[in-house]
Each structure stands twice: as structure tokens, then as C-alpha cells.
Amino acid sequence: MQCLFCKVDNDKVINSRTSVDGLSIKRRRECLGCGRRYTTYERIEESPLRVVKKDGIRESFDRRKILKGLEKACEKRPVSTDTMENIVNEIEREIYNQFDREVTTNFVGSLVMQKLKILDAVAYVRFASVYREFKDISEFIDELKPLMTGEKKKKKDGGNDSRSISLQH
């Protein structure tokens, strides 16, 4: 492995660990040239999974796109980076368990929405508004109605859940 700092191709592995999801190995390395340390990750090389977009175009699956969408949806929300990483890991595992070659963006998007609906209602609505491409406010309201009825039930039961939302007219 070539050192990131001095570009010498001589290092030693100090520590190796399996990641939490079990899909990669984290290795801590020390350059024998400059003595600096850095981290590398090894992942199993699998047959490339392709994502079929709404317009029929196919592209390589990229977990960073899911994370980027989650980050936008969860911006200024009480959701940690670790939580978002865990969601991406769960989604990626589910996709690889169900599909060998191709998965649709509809399936990926619906998985993200399922996770966000449980995690944070505001992030869910943000993601849904972009993912579902709402054409007008009525489509937006239709998406919010189930969330609002869930809030009303919780208030009647005396429950207090910070993940639910309310709208004032």
C-alpha cells in the first residue's frame, strides 16, 4: 500500500478489525518510510450491482449517493452521522441480499423512506418531497396526512414522541 503522505510503498499493518456490518475490514497502517499512520478499508469484490433509474439509464450502485441524500434530508435534525451510516449499511445489505445484478431507484428510495419514517418525520418529509417529485401542495399534504393522524393518536394516548410532526394552519 502506498503511503498517503510520502508515497513510499512500504508499510506495516498495526491493527485489523472487521467493521460493524461485517462487510469490510478496517486496517490501521504505519508507513515504514515516514512513520505516519493511516487507515485503509478492504471490501469484498462482488459483481457490480447496477441501479436502474426512472428513465431507464443504468449506473453503478454507489452507497455514497444514499448517504448524501440522507445528509440533505437530516440537515439540522438531531440525527448523528453514525446513525446515517448505519442506515446506509442496512439498506446496502438488504439490496445485496435481494438483488444480484440490478435494483431500481424506486426500491432504493422506498427503503430510504421506510428508514426515515421511523427515524425522523421531518427528514422523511424532506426526502419524500424530492424523491416523489411532488407536483403541487395537495400531493405534499397527502403525504403528511398519515403522519399527522399518527400524531393525533399519540396525543390522545398521552404519548410524547419527538419524532412526530404537527402542522398548524
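Just so we're clear, the structure is a prediction, and the values are computed from it rather than from any experiment.

1. Brief notes about the sheet that holds strand β5 (residues 58–60)
Move 1: If you walk across this open sheet you meet the 3 strands as β5-β4-β6, and the pairing is mixed. Both edges of this open sheet fall to β5 and β6 (102–104), since each of them pairs with a single strand only. Averaged over all pairs of adjacent strands, the angle between their axes in this sheet comes to 35°, without regard to strand direction.
Move 2: Sheet topology places strand β4 (residues 50–52) next to β5; 3 bridges connect them, and they run antiparallel. Bridging from a neighbouring strand, Val-52 pairs with Arg-58 of β5.

2. Observations concerning unusual backbone geometry
Move 1: Phi at Lys-7 takes a positive value of approximately 70°, unusual for a residue other than glycine.
Move 2: The phi torsion at Lys-76 lies on the positive side, around 60°, for a residue other than glycine.
Move 3: Mapping Lys-76 onto the fold places it in the loop between α1 (63–73) and α2 (81–98).
Move 4: The exposure class of Lys-76 is exposed, given its relative accessible area of 78%.

3. Focus on the nonpolar core
One recurring pattern in soluble globular proteins is that nonpolar side chains are buried together.
Move 1: Ile-66, Leu-70, Ile-91, Ile-95, Val-112, Leu-116 and Phe-127 are the most contacted members of the largest nonpolar core, which totals 28 residues.
Move 2: When residues of this core are traced back to their parent elements, those giving at least two are α1, α2, α3 (105–119), α4 (121–131) and α5 (137–157).
Move 3: Here the element with the most residues in this core is α4; it accounts for 6 residues.
Move 4: When neighbours within four sequence positions are excluded, Leu-70 is seen to be in contact with Met-84, Ile-87, Val-88, Val-112 and Leu-116.

About the criteria used
- Residues numbered from 1 in each chain as written.
- Predicted model: local features only at pLDDT ≥ 70, side-chain atom pairs only at ≥ 80, totals over all residues.
- Heavy atoms only, no water.
- Pairing = 2+ DSSP bridges.
- Helix = DSSP H or I, 4+ residues; strand = E, 2+ residues; numbered from the N terminus.
- Axes fitted to C-alpha atoms, helices over the stretch in contact; angles between N-to-C directions.
- Buried < 20%, exposed > 50% of the residue type's maximum accessible area, 1.4 Å probe, protein only.
- Core = buried A, V, L, I, M, F, W, Y, C linked by side-chain atoms within 4.5 Å.
- Contact = heavy atoms within 4.5 Å.

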